[in-house]
Amino acid sequence: MRVVLGIESSCDETAAALVREDRTILAQRIASQDEEHRPYGGVVPEIAARAHADRLAPLIAATLADAGMQLADVDAVAATAGPGLIGGVMVGLVSAKALAMAGDKPLIAINHLEGHALSPRLADPALAYPYLLLLVSGGHCQVLEVRGVGQYRRLATTIDDALGEAFDKTAKILGLGYPGGPAVERLAREGDPGKVRLPRPLLGSAEPHFSFAGLKSAVLRAKEAGIHADADLAAAFQQAALDCVIDRTRHALGMAGDVTALVVAGGVAANQAIRTALQELAAEHGLPFVAPPLALCTDNAAMIAWAGVERLGQNDSLDFAARPRWPLDPDAAPVRGAGVKA
Ligand code: KG4
Ligand code: ZN
């Protein structure tokens, strides 16, 4: 059975994985850069690129050793070629090219968003196309109809901040540190969401998209007013964000054709309140709800290797350029905000 080496370096995780075509993850390693970025309250691109450059080669060697394999044993090298922080993407892609050249292996350039979009199929062989995917992370916030490998219809995207970004900014406003999502969720459990009134941008809008910038600004103003407990602010923020996500995903379900399931991926899928609400939304539509294990939801290389498995037979040129932007659905109409996070 064939095995793909996957490499991920588009944001702040340096990762390598070996995945076999029967969906077995033979080995995977992830080096997080949380400590490097924590003093700045967010990812600093230059620091990220340097950290990837320092760590990636030994990480790949260790991943191969974990599986008792050598480069000669892999059938293809797949790497994230975008979208993402360009310095990091270049480190991963150049490493993949060097390995492909040295080992005379096919190079498979992977769209990071496709990695997320197909990861539910790594975890769940029964998941059939087409499915509706809500992709919510620190860098991405979109709803896609996943029809097959390379076949994506983007139904909605954010016109400003991604959902995880809104959680991270709220955490910063409340002094909770980085990464903020888990901290906001923890604090929200101790608060009363009804004590602070916050806006729900685009709720009920005929336009399918997401918006979170106004919500984050409202949290900042409420914090500066100094009358509310932080826990109540966190709870109110999470409730408002959740209401928006559910409303927008319901809207997208109305736009999509027949789908087999409602699927969530991306780091925010870790949020228990949002997961529960999505599960209820799926049930409301008579659909199964699929959420891959958390380790596959957040950035990882197993999803990149798996996308490589799905694309076995492809052999990209050694001059394939890293892409800071790379929409999954090139036909999707541009949105206000210029699709910065698309
Ligand atoms: O997928 P991911 O690891 O990296 C990106 O591609 O961005 O997602 C990280 C994002 C961060 O914004 C983080 O704050 C958010 O996911 N996140 C959460 C939770 N856990 C992680 N947001 C809300 N609630 C959580 N429990
Ligand atoms: Zn990601």
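For the structure given in this document, a descriptive report is provided here. (Residues numbered from 1 in each chain as written. Chains lettered and ligands numbered in written order. Predicted model: local features only at pLDDT ≥ 70, side-chain atom pairs only at ≥ 80, totals over all residues. Heavy atoms only, no water.)

A word on the coordination of the zinc ion (ligand 2)
And then number 1: Looking at the metal site, the zinc ion (ligand 2) is ligated by His 112 (NE2), His 116 (NE2) and Asp 299 (OD), spaced 2.1 to 2.2 Å from it.
And then number 2: Coordination at the zinc ion (ligand 2) comes from four donor atoms whose angles at the metal span 84 to 135 degrees, giving a geometry best classed as irregular.
And then number 3: One chain supplies every donor for the zinc ion (ligand 2), spaced along it as H-x3-H-x182-D. In this pair, His 112 is assigned in helix α4 (residues 112–123) and Asp 299 in the loop between α10 (294–297) and α11 (302–310), connecting sequence segments 187 residues apart.
And then number 4: Residue His 112 is classed as buried on the basis of its relative accessible area of 1%.
And then number 5: Under the relative-accessibility criterion, Asp 299 is labelled buried at 15%. (Donors = N, O, S within 2.8 Å, 3.2 Å for Na, K, Ca; no water. Tetrahedral: all angles 85-135°; square planar, octahedral: opposite > 155°, others 65-115°. Helix = DSSP H or I, 4+ residues; strand = E, 2+ residues; numbered from the N terminus. Buried < 20%, exposed > 50% of the residue type's maximum accessible area, 1.4 Å probe, protein only.)

With respect to the nonpolar core
Most often, soluble globular proteins keep nonpolar side chains buried together rather than apart.
And then number 1: Leu 132, Leu 163, Leu 198, Phe 212, Phe 237 and Leu 278 are the most contacted members of the largest nonpolar core, which has 53 residues in total.
And then number 2: If one sorts the elements of this core by residue count, helix α8 (residues 230–255) sits on top with 14 residues.
And then number 3: Setting aside its immediate chain neighbours within four residues, Leu 278 contacts Leu 134, Ile 246, Thr 249, Leu 262, Val 264 and Phe 289.
And then number 4: Core analysis: the second largest hydrophobic core is formed by 34 residues, Leu 118, Leu 122, Leu 133 and Ala 301 among them. (Core = buried A, V, L, I, M, F, W, Y, C linked by side-chain atoms within 4.5 Å. Contact = heavy atoms within 4.5 Å.)

Quick look at unusual backbone geometry
And then number 1: Of note, the amide linkage connecting Gly 82 to Pro 83 takes the cis form, showing an omega dihedral of -15 degrees.
And then number 2: As for its placement among the helices and strands, Pro 83 is situated in the loop between β4 (76–82) and α3 (86–103).
And then number 3: Along the chain, Tyr 129 connects to Pro 130 via a cis peptide bond; the corresponding omega equals -10 degrees.
And then number 4: By secondary structure assignment, the location of Pro 130 is in the loop between α4 and β6 (131–136).
And then number 5: Of note in the backbone geometry, Arg 23 takes a positive phi value of approximately 80 degrees without being a glycine.
And then number 6: Secondary-structure assignment places Arg 23 in the loop between β2 (13–20) and β3 (25–32).

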